[in-house]
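Each chain, written out:
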Amino acid sequence: IPSDGTGNQNCEEGDSLQILVPIRGKYEVVETICGDTIPKPVMSNGPKMLVEFRGRYSGKGNRGFKAEYKFVENFGIITGQQLNNQECGFEFNSTKEKTGWFHSPNFPGIYPQNVECNYLFYGRQNERVAIKFSYFDVEGIQPCEESTASDYVEFSNFMTTDRKFRRMCETNKRGWDVKSDGKFFRVTFRSNDRFESTGFRASYQFHSEPPSTTETPAMSVSEQFNGKGSTMCK
């Protein structure tokens, strides 16, 4: 397979497999696959997906492909308790699991477009939840808003927006963490219909903190993401 000059395969010059999903009323290509490397899992953004094989050449050494498919309702997220009142909502309760992990839809494959997933963490009284991101690759540019056509991850101590935290996007390969101020914490992942990436993987841990009349202001996730303070993973 020819290269495009960056080391990546140029699938336009050979046989390929295209993945198309409905976007704004018509099927659009979200991924093109070729070569002999097994690709990561692909997930549709709804109930429909079109897989189209394009054969330009024939040869005895080309054996084609074989794939498995599965219809799912959990977006490939297998941890937490899925909520019935949200299309992509999952609850993590301290009474069931003190520690665990969660990830973006279809991880480690490309996350689907136009998806919003909420991860809700419920601790006991005087408990806090600490979340550590070991992988983070969410397509976007700061400040991770519609004006920059960005997907993003949002954090909040409430069900509503929390001004303490800013939205996070872009790529961070070093890992980082964030901590709730109370027993409840919300993590929201949102993708648009433009670009996509491989998302994130994170672990969580509930731990108790003694009540205090004076609390030291917690570091914002933006400070942690940029490597300020002791919470940055080494």
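Residues numbered from 1 in each chain as written. Predicted model: local features only at pLDDT ≥ 70, side-chain atom pairs only at ≥ 80, totals over all residues. Heavy atoms only, no water.

Side note on the pairing of strand 5 (residues 89–93)
With 2 bridges connecting them, strand 4 (residues 81–82) and strand 5 associate as antiparallel partners. Looking at strand 5, one finds that Q82 is bridged to F90. The loop that links strand 4 with its antiparallel partner strand 5 comprises 6 residues. When strand 5 meets strand 7 (residues 116–122), the two strands line up parallel, connected through 5 bridges. By the bridge assignment for strand 7, E91 is matched with L120. (Pairing = 2+ DSSP bridges. Helix = DSSP H or I, 4+ residues; strand = E, 2+ residues; numbered from the N terminus.)

Structural notes on the sheet that holds strand 3 (residues 50–54)
Strand order in the open sheet made by the 3 strands is 2-1-3, with antiparallel pairing throughout. Lying at the two open borders of the sheet, with one neighbouring strand each, are strand 2 (26–33) and strand 3. The sheet shows a mean angle of 30 degrees between the axes of neighbouring strands, direction not considered. Where strand 1 (residues 16–23) meets strand 3, 5 bridges bridge the pair, whose relative direction is antiparallel. Bridge pairing in strand 3 links L17 to F53. (Axes fitted to C-alpha atoms, helices over the stretch in contact; angles between N-to-C directions.)

Description of the sheet that holds strand 5
Strand order in the open sheet formed by 5 strands is 4-5-7-12-9, with mixed pairing between adjacent strands. What marks the edges here is a single partner per strand, and that holds for strand 4 and strand 9 (152–156). Here 7 bridges tie strand 7 to strand 12 (residues 184–190), and the two strands are oriented antiparallel to one another. The residue bridging L120 from the neighbouring strand is R186, located in strand 12.

What about the state of the cysteines?
Enumeration over the complete set of coordinates arrives at 3 disulfides. Covalently, C11 is tied to C34 through a disulfide, its sulfur atoms 2.1 Å apart. Its S-S torsion of about -80 degrees marks the bond between C11 and C34 as left-handed, since a negative value means left-handed. Linking C11 in the segment before strand 1 with C34 in the loop between strand 2 and strand 3, this pair joins segments that are 23 residues apart in sequence. (Disulfide = S-S within 2.5 Å.)

Looking at the layout of surface pockets
Looking at the largest pocket, its volume works out to about 2,000 Å³. In this structure, the largest pocket is lined by 48 residues; those nearest its centre are L17, I19, V42, A67 and E68. At the level of secondary structure, the elements contributing two or more residues to the lining of the largest pocket comprise strand 1 and strand 3. Considered class by class, the residues forming the lining of the largest pocket number 23 nonpolar, 14 polar and 11 charged. (1 Å grid on protein atoms, 1.4 Å probe; cavity = no way out; pocket = protein on both sides within 12 Å on 5 of 7 lines; lining within 4 Å. Points joined across faces, edges and corners; volume = space filled by probe spheres on them. Nonpolar A, V, L, I, M, F, W, Y, C, P; charged D, E, K, R; others polar.)

Some remarks on the pattern of salt bridges
Here the structure, examined in full by the defined rule, presents 9 salt bridges. Between E127 and K98 there is a salt bridge, and its shortest N-O distance comes to 2.3 Å. In this pair, E127 sits in strand 8 (residues 127–138) while K98 sits in the loop between strand 5 and strand 6 (99–103), placing the two residues 29 residues apart along the sequence. Where salt bridges share partners, they join R128, K179 and E209 into one cluster. (Salt bridge = Lys/Arg side-chain N within 4 Å of Asp/Glu carboxyl O.)

Comments concerning the side chain of E127
Residue class for E127 comes out buried when judged on its relative accessible area of 3%. There is a polar contact of 2.6 Å between the side chain of E127 and the backbone nitrogen of R124. Not counting the four nearest positions on each side in its chain, E127 is found in contact with S94, K98, G182, K183, F206, H207 and S208. (Buried < 20%, exposed > 50% of the residue type's maximum accessible area, 1.4 Å probe, protein only. Polar contact = N/O pair within 3.5 Å; in protein donor to acceptor, adjacent residues only side chain to side chain. Contact = heavy atoms within 4.5 Å.)

Points about the confidence of the model for the chain
When pLDDT is averaged across the chain, the result is 85; 85% of the residues are at 70 or more. Contacts for the low-pLDDT stretch residues 228–234, under 50 throughout, to residues beyond four places or in other chains number 17 contacts. (pLDDT = per-residue confidence, 0-100.)

Some points on the nonpolar core
In terms of nonpolar packing, the biggest core is built from 33 residues, with F102, Y119, F121, I131 and F155 touching the most fellow members. Only strand 5, strand 7, strand 8, strand 9, strand 11 (176–179), strand 12 and strand 13 (199–208) provide two or more residues apiece to this core. Among the elements that make up this core, the one with the highest residue count is strand 8 (5 residues). Filtering out sequence-adjacent residues up to four positions away, I131 remains in contact with F102, F121, W176, D177, V178, F185, V187, A202, S203 and Y204. (Core = buried A, V, L, I, M, F, W, Y, C linked by side-chain atoms within 4.5 Å.)

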